[in-house]
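# Overview (structure and organization)
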Amino acid sequence: MQNKYDKCFLYLIQMSDMAILHQKEFRTTNLVSLLGGVELVTEKIGSAFDLITLSNKGIKKASLDALVGHMGMTKKNFAEDILNLSVKTLERKKGDDLLDRQTSSHVIEVAKVVKHAFDVFEDEAKVQKWLSTPNRALNQMKPLDLFYMPTGLGLVDNVLGRIEEGVYS
């Protein structure tokens, strides 16, 4: 009889974990607003596959500008340090011009991590401060210093998850 209850309890835990994962993965309202709102991101974002479609189509340069504004850094630093692009190359583009697939994907991944930071800190000033402050859990590097590569974005996202769960980070 006890085994039956154990199985039921494990099933409830699994369902709860799946619901939490689903909720965390697909809360996209802030992601769209970080990228400039529905005026710039006209596609409905309901899943990770929608983000892939958006990346393949390309995001507007104005979406990148909106994200940079929320992060509290200069376009020059974002372009050169995170995207490995010349700021002049980026500045030649108009707001409605679409970025290439690779750049769009990278900007979206950065936006996802920044959105996670907003979920954790719930205040733009706190997010900006945290992103630009050396962190012990990141080997005394600033989170922004790791945004240039997917592995770094993953590390920062992991630390945000630990903070969210109350683990010392």
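All values reported here derive from a predicted model rather than from experimental measurement. (Residues numbered from 1 in each chain as written. Predicted model: local features only at pLDDT ≥ 70, side-chain atom pairs only at ≥ 80, totals over all residues. Heavy atoms only, no water.)

### Quick look at the packing of aromatic side chains
Rules: The rule is short: rings of Phe, Tyr and Trp, with Trp giving its six-membered ring, pair when the centres are within 6.5 Å, and they are stacked under 30 degrees, edge-to-face over 60, tilted in between. Categorising residues by exposure relies on relative accessible area from a 1.4 Å probe, with only protein chains included: less than 20% of the type maximum marks a residue as buried, more than 50% marks it as exposed, and the intermediate range marks it as partly exposed.
Here the structure, examined in full by the defined rule, presents one aromatic pair. Both rings, one in Phe121 and one in Trp130, keep their centres 5.5 Å apart while their planes meet at 40°; by these two values the pair is tilted. Using a relative accessible area of 12% as the deciding quantity, one classes Trp130 as buried.

### Description of the nonpolar core
Selection criterion: Among buried residues, those of type Ala, Val, Leu, Ile, Met, Phe, Trp, Tyr and Cys that are joined through side-chain atoms within 4.5 Å constitute a nonpolar core. A run of H or I in DSSP becomes a helix once it reaches four residues, and a run of E becomes a strand once it reaches two; helices and strands are each numbered from the N terminus. Contacts are residue-level and defined by heavy atoms, with any inter-residue pair within 4.5 Å sufficient.
The biggest cluster of nonpolar side chains holds 42 residues, and the ones touching the most others in it are Leu67, Met71, Phe78, Val110, Val114 and Phe147. Ranked by the residues each element gives to this core, the list is headed by helix α7 (residues 101-121), at ten residues. Setting aside chain neighbours within four positions, we find Phe78 in contact with Leu64, Leu67, Val68, Met71, Met73, Leu83, Val107 and Val110.

### Some words on empty space enclosed by the protein
One water molecule sets the probe size; rolling that probe over the atoms shows where empty space is left. The criterion, for reference: Definitions used for this entry: grid spacing 1 Å over protein atoms alone; cavity, a set of points where a 1.4 Å probe fits but cannot get out; pocket, an open set with protein on both sides within 12 Å along at least 5 of 7 lines; lining residue, one with an atom within 4 Å of a point. Grid points are joined across faces, edges and corners, and a volume is the space filled by probe spheres set on the points. Residue classes follow a fixed rule: Ala, Val, Leu, Ile, Met, Phe, Trp, Tyr, Cys and Pro count as nonpolar, while Asp, Glu, Lys and Arg count as charged, and any other residue, Gly among them, counts as polar.
Applying the stated criterion across every chain, the model contains one cavity of 30 Å³ or more. The space that makes up the largest cavity amounts to roughly 60 Å³. For the lining of the largest cavity, a count of residues per class yields five nonpolar, three polar and three charged.

### A closer look at the pattern of salt bridges
How we decide: Salt bridges are defined as contacts in which a side-chain nitrogen from Lys or Arg sits within 4 Å of a carboxyl oxygen from Asp or Glu.
Enumeration over the complete set of coordinates arrives at seven salt bridges. One salt bridge connects Glu80 with Lys76, and the closest N-O pair in it is separated by 2.8 Å. Of the two residues, Glu80 and Lys76 both sit in helix α5 (residues 75-82), four residues apart, roughly one turn of that helix. Residues joined in a network through salt bridges with shared partners are Lys61, Asp65, Lys75 and Glu91.

### Re the packing of helix α4 (residues 61-71) against α7
Rules: Note on geometry: axes are C-alpha line fits, over the in-contact stretch for helices, and angles between N-to-C directions span 0 to 180 degrees. Helix crossings get a hand from a simple test, with the near helix turned counterclockwise from the far one by less than a right angle marking a left-handed crossing and a clockwise turn marking a right-handed one.
α7 packs onto α4 with a crossing angle of 35° between their chain directions and a minimal axis gap of 11 Å. In this structure, the crossing between α4 and α7 has a hand that is left-handed. Contacts between α4 and α7 involve Leu64, Leu67, His70 and Met71 from the first element and Val107, Val110, Ala111, Val114 and Phe118 from the second. Here the contact of α4 with α7 is built from residues that sort into eight nonpolar, one polar and no charged.

These results come straight from atomic positions and should not be treated as a statement about function.
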